Amino acid sequence: MDNLEEAATAIKMHDNFVLTTHINPDGDALGSLMGLGLALLNAGKNAVMIMPHPIPVAFQFMPGSRQVQKTSDVLARFDLGITLDCTDITRAGEEAQKVLQRAGKLLNIDHHISNQYFGDLNVVDPQAAATGEIIYDLLLKAKMPVTSEIATNLYTAIITDTGSFQHQNTTAKCLRTAALLLDCGAAHRVVQQHLYEQRSLESLRLLARGLESLSLNEEGTVAWMTISRDSLYSSGAAVDDSEGLIDYVKSLKGVEVGIVFKEVNPSEIKVSFRSNNYLDVNKLAAHFGGGGHERAAGCTINGELGDIEQLVIRKTEEQLFAMNENSGGPRK
Ligand code: AMP
Ligand code: MN
Ligand code: MN
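Residues numbered from 1 in each chain as written. Chains lettered and ligands numbered in written order. Predicted model: local features only at pLDDT ≥ 70, side-chain atom pairs only at ≥ 80, totals over all residues. Heavy atoms only, no water.

(A) Quick look at the pairing of strand 9 (residues 257-265). For strand 9, the buried fraction is high: 8 of the 9 residues fall into the buried class. Pairing of strand 8 (residues 222-227) with strand 9, which is carried by 6 bridges, proceeds in the parallel orientation. By the bridge assignment for strand 9, Met-225 is matched with Val-260. In this structure, strand 9 lies alongside strand 10 (residues 268-275), joined through 8 bridges in antiparallel fashion. Paired with Asn-265 across the bridge in strand 10 is Glu-268. Taking the residues that link successive antiparallel strands as the turn, the strand 9-strand 10 hairpin has 2 residues, and the phi of Ser-267 there is positive, at about 65°. (Buried < 20%, exposed > 50% of the residue type's maximum accessible area, 1.4 Å probe, protein only. Helix = DSSP H or I, 4+ residues; strand = E, 2+ residues; numbered from the N terminus. Pairing = 2+ DSSP bridges.)

(B) Layout of the pattern of salt bridges. Counted according to the given criterion, the structure contains 6 salt bridges. A salt bridge links Lys-141 to Glu-5, with the nearest nitrogen and oxygen atoms 3.8 Å apart. Of this pair, Lys-141 sits in helix 4 (residues 131-141) while Glu-5 is found in helix 1 (residues 4-13), placing the two residues 136 residues apart along the sequence. The class of Glu-5 is exposed, set by a relative accessible area of 52%. Measuring nitrogen to oxygen at the nearest pair gives 3.5 Å for the salt bridge that ties Lys-45 to Asp-15. (Salt bridge = Lys/Arg side-chain N within 4 Å of Asp/Glu carboxyl O.)

(C) Layout of the coordination of the manganese ion (ligand 3). Every protein donor of the manganese ion (ligand 3) is listed here as Asp-28 (OD), Asp-85 (OD), His-111 (NE2) and Asp-161 (OD), and their distances to the metal cover 2.1 to 2.4 Å. Read N to C, the donor residues that coordinate the manganese ion (ligand 3) are spaced as D-x56-D-x25-H-x49-D. (Donors = N, O, S within 2.8 Å, 3.2 Å for Na, K, Ca; no water.)

(D) Here's a closer look at the side chain of Ser-228. Within the fold, Ser-228 resides in the loop between strand 8 and helix 9 (229-235). Once residues lying within four places of it in the same chain are set aside, the contact partners of Ser-228 are Glu-263 and Leu-305. (Contact = heavy atoms within 4.5 Å.)

(E) Just the coordination of the manganese ion (ligand 2), in detail. Every protein donor of the manganese ion (ligand 2) is accounted for by His-22 (NE2), Asp-26 (OD) and Asp-85 (OD), and the metal-donor separations fall at 2.0 to 2.3 Å. Each donor residue of the manganese ion (ligand 2) lies on one chain, and together they are spaced H-x3-D-x58-D. In this structure, the manganese ion (ligand 2) lies 3.6 Å from the manganese ion (ligand 3), and both are coordinated by Asp-85. Taken together, the residues Asp-26 in the loop between strand 1 (16-21) and helix 2 (27-42) and Asp-85 in the loop between strand 4 (80-84) and helix 3 (94-102) connect sequence positions 59 residues apart.

(F) Summary view of the sheet that holds strand 9. Taking strand neighbours across the sheet as the criterion, the 6 strands line up as 7-8-9-10-12-11 in an open arrangement whose pairing is mixed. Each edge of the sheet is formed by a strand with only one pairing partner; in this case those strands are strand 7 (215-216) and strand 11 (291-292). Running over the sheet, helix 12 (residues 305-326) touches strand 8, strand 9, strand 10 and strand 12 (296-302) and is turned about 155° from strand 9. (Axes fitted to C-alpha atoms, helices over the stretch in contact; angles between N-to-C directions.)

(G) Molecular detail of unusual backbone geometry. Look at Asp-85: it is not a glycine, yet its phi comes out positive at around 65°. Phi at Tyr-117 takes a positive value of approximately 45°, unusual for a residue other than glycine. Relative to the helices and strands, Tyr-117 resides in the loop between strand 5 (105-110) and strand 6 (121-124). A relative accessible area of 48% means that Tyr-117 is categorised as partly exposed.

(H) Here's a closer look at the site of ligand 1. Close to ligand 1 lie 14 residues; His-112, Lys-270, Ser-272, Arg-274 and His-293 are nearest. The contact in question runs from a nitrogen atom of ligand 1 to an N or O atom on the backbone of Gly-291, over 3.2 Å. Here His-293 contributes a side-chain N or O atom positioned 3.2 Å from an oxygen atom of ligand 1. With the chains in place, 85% of the 480 Å² that ligand 1 exposes on its own is no longer accessible. Those elements that provide at least two residues to the shell around ligand 1 are strand 10, strand 11 and strand 12. Split into classes, the residues belonging to the shell around ligand 1 amount to 3 nonpolar, 8 polar and 3 charged. (Near = heavy atom within 4 Å. Polar contact = N/O pair within 3.5 Å; in protein donor to acceptor, adjacent residues only side chain to side chain. Areas by Shrake-Rupley, 256 points an atom, 1.4 Å probe, with all protein chains shown as cover. Nonpolar A, V, L, I, M, F, W, Y, C, P; charged D, E, K, R; others polar.)

(I) Quick look at the sheet that holds strand 6. The strand order across the open sheet built from 6 strands is 3-2-1-4-5-6, with neighbouring strands paired in parallel fashion. In this open sheet, the two edge strands, each paired with only one partner strand, are strand 3 (69-70) and strand 6. Examined bridge by bridge, strand 4 and strand 5 share 5 bridges and lie parallel to one another. Across the sheet, Thr-83 pairs through a bridge with Asn-108, a residue of strand 5. Lying on the sheet, helix 1 is in contact with strand 1, strand 4, strand 5 and strand 6; it crosses strand 6 at an angle near 125°. Helix 2 rests against strand 1, strand 2 (46-51), strand 4 and strand 5 of the sheet, and its axis sits at about 160° to strand 2.

Quick look at the structure:
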């Protein structure tokens, strides 16, 4: 992979690091942050991991999560800033951008196809299933030991970004890396228990509200679910509890694109896209200022929920229609 050697050298040469990842972090974001952060700390370096908000409860089992500091509390200057799993620097949040800009150099490690190559050094591999997979290669290259704690973080990163090895990004390479992480002592059952066997009653009630809202276009190719402020309120759930609901939407027979609209704040709608076989949802999300991968992407749009639903569904159908036209018939 391009630049991996240079990144390994940069990590060995510097002693004073600040690391961060994207807002609304997922398992890959946090697993990469704490996997690399703990490796640097174990090597006797000063490595400060920062996030603007507390780590979501579901991920607090991950080793190192108590060492992550609040971004606004960090005023120091660092030699090297590292962003993990961020398509562009704005994804790190406003406060983190300031801390990163004060750092001597910026290293951008990511696997999104829409990455903006904003670092002084960029390690971007869209073939990697998760940023955590790149971190494993980086630690090997830098000859830094992968302890069981680091392995659990990187394993969580791979499990969450592949949907437990179900998504199209599940490659032989990522399965091999996962196996090597188990050899290093990754706690497979602990990860499974915390991610998939600890659901709150509220989150299951939110699933029920979400399923009630499920809609389908006329052709049955686009399905969408709506998580409104009302459904959050009536179920007693938090926005974080809606993680994973999109898998139900895209599992419907005949559906190519699954969409979830979440009213994260009044007039602020987070949209998640997944496609099953052929529509490039990274392009679709980019149309609304977002990004991601070909089969999983997202964006945030300001406006009223109903208006945004209409706008996004129309654009999705337009792009599906254009693809089908170009390929001379419905794609399978
Ligand atoms: P989500 O639907 O939030 O699970 O996101 C799916 C994928 O798209 C993840 O890889 C995210 O990192 C990426 N993504 C989500 N929202 C954005 C955004 N606003 N800009 C760039 N990438 C995004
Ligand atoms: Mn991510
Ligand atoms: Mn990722």
